[in-house]
Amino acid sequence: MGAENSKQTVVRVFGAAISVAFFGMLHIPSATADDMVARGEYLTAAGGCYGCHTIPGDGNKPYAGGRALKTPFGVFYSPNITPDGETGIGGWTDTQFLTALKTGISPSGHPYFPVFPYTSYTKITDEDGLAIKAYLDSLPKVVQEDKGHEVSAPFSWRWLQWGWRLLFFNEGPYVAPEGASTEVARGGYLVDALTHCGECHTPRNMFGGVDASLYLAGTPNGGEGEFVPNITPDNATGIGEWSKGDIVSFMKTGLKPDYDDVQGSMEEVIEHSLSKLTEEDLTAIADYLKSIKPIKNVVKRASAS
Ligand code: HEC
Ligand code: HEC
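Conventions and cut-offs
Residues numbered from 1 in each chain as written. Chains lettered and ligands numbered in written order. Predicted model: local features only at pLDDT ≥ 70, side-chain atom pairs only at ≥ 80, totals over all residues. Heavy atoms only, no water. Helix = DSSP H or I, 4+ residues; strand = E, 2+ residues; numbered from the N terminus. Donors = N, O, S within 2.8 Å, 3.2 Å for Na, K, Ca; no water. Near = heavy atom within 4 Å. Polar contact = N/O pair within 3.5 Å; in protein donor to acceptor, adjacent residues only side chain to side chain. Nonpolar A, V, L, I, M, F, W, Y, C, P; charged D, E, K, R; others polar. Core = buried A, V, L, I, M, F, W, Y, C linked by side-chain atoms within 4.5 Å. Buried < 20%, exposed > 50% of the residue type's maximum accessible area, 1.4 Å probe, protein only. Domains from an automatic or database assignment. Contact = heavy atoms within 4.5 Å.

Caption draft 1: Region of interest: unusual backbone geometry. The omega angle of the peptide bond from A153 to P154 is 5°, so this bond is cis rather than trans. The phi dihedral of H196 is positive, around 40°, even though this residue is not glycine. With respect to the helices and strands, H196 occurs in the loop between α7 (182-194) and α8 (198-201). Of note in the backbone geometry, L216 takes a positive phi value of approximately 65° without being a glycine. Relative to the helices and strands, L216 resides in the loop between α8 and α9 (244-253).

This is the structure:
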């Protein structure tokens, strides 16, 4: 009986090995590509690309650009990042895409305006950047010409960006704080590289460079003149009194611990980006926010009524 059994076992194992090899050959390449697109979809949500690259309410044209972005320097219009070859970014190589995303330089060599937050995206890993590209490449092509920016001189002079970059752009990968746990390091990567909280929550100087000494400490006059609160763990002026759970549930629902509803651009950040993240990643963000230096910075709503 032992012999009979072991023969069956050999046949079964052999059969299984053949089917693994066979289906493996058939399925693994496409499964990997699908996985990359799925991962890219998640990372694209984390990066908040949709909000800036889609006209609100225009449900048919996600990522086709044309959204007006008001800044103190004028109105910028986001470009089409669907895979259309003429009006979008179809046909861009991996290197062209990573160079745009992580260094703010276009395929033709011109510098982008930092309203495209490449200043944060520089910290995205190449692997994550390419997954984002794989996802964008998988979307339907939309034919829609880019619109010129309505920005007055000298802020409209693209070449001046070379000087701006020297002063305010630090190119390079994300570096976790010394001694950070795995969770805090993951949270820091999400905050600084992908979800770019600091692009709104850190105040800027008159040239639009972020003031690192007030990292995440808020500003009464953010993009579009908005009030942006202090999210450092300072008890009096930041969110020191929010529990980790309060922060996570705010990022999911927009509801603050005092039952106030979120407003303004943060509402969009939650709708299109943060609410799509896993509990694990949201918890990592909360862990990270709890770990940073508390900064006392009173930020008042400009038009408090
Ligand atoms: C805060 C708004 C904002 C966010 C968020 C944003 N973008 Fe953009 N993006 C822009 C603007 C504005 C430009 C055009 C900049 C210029 O003209 O110099 C741009 C340019 C680009 C370009 C260059 C396109 C071209 O035709 O040259 C690419 C590629 C791009 N964005 C991809 C992304 C991806 C991927 C994400 C998410 C990870 C993203 N963007 C998030 C505003 C944004
Ligand atoms: C596009 C700009 C923008 C980005 C990006 C952004 N925020 Fe905000 N955030 C705001 C604004 C504006 C408010 C004020 C909303 C309000 O008045 O209800 C806000 C409010 C908040 C609050 C509520 C604080 C309080 O005291 O009421 C928290 C917490 C917060 N943001 C966390 C984050 C985190 C974490 C990130 C990154 C994962 C982030 N935000 C990214 C603009 C932004």
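Caption draft 2: Highlighting the coordination of the iron atom of ligand 1. Inspection of the coordination sphere of the iron atom of ligand 1 shows a single protein donor, H53 (NE2), at 2.1 Å. Tracing the chain through its elements places H53 in helix α2 (residues 49-53).

Caption draft 3: Summary view of the site of ligand 1. Looking at ligand 1, there are 22 residues lining it, with C49, C52, H53, Y112 and H149 nearest. At 2.9 Å from a nitrogen atom of ligand 1 is found a side-chain nitrogen or oxygen belonging to H53. Contact distances for ligand 1 include 2.7 Å between an oxygen atom and a side-chain N or O atom of R158. Sorting the residues of the shell around ligand 1 by element identifies α2, α3 (94-103) and α5 (126-137) as the ones contributing at least two each. A class-by-class count of the residues in the shell around ligand 1 yields 16 nonpolar, five polar and one charged.

Caption draft 4: Quick look at the site of ligand 2. Around ligand 2 lies a shell of 22 residues, among which C197, C200, H201, Q263 and M266 are the nearest. A distance of 2.8 Å separates a nitrogen atom of ligand 2 from a polar side-chain atom of H201. Here an oxygen atom of ligand 2 sits 2.8 Å away from a polar atom, N or O, in the main chain of Q263. Only α8 and α10 (264-272) provide two or more residues apiece to the shell around ligand 2. Taken together, the residues that form the shell around ligand 2 break down as 14 nonpolar, five polar and three charged.

Caption draft 5: Representation of the nonpolar core in the model. L136, L194 and I285 are the most contacted members of the largest nonpolar core, which has 41 residues in total. Counting only elements with at least two residues in this core, the list comes to α1 (2-47), α3, α5, α7, α9 and α11 (279-291). For this core, the element with the highest residue contribution is α7, accounting for six residues. Both domain 1 (32-173) and domain 2 (176-305) contribute no fewer than three residues apiece to this core. Setting aside residues no more than four positions away along its own chain, I285 makes contact with G187, L190, V191, M251, L274 and L277. Of all hydrophobic cores here, the second largest spans five residues; its members include Y112, Y118, W164 and F169.

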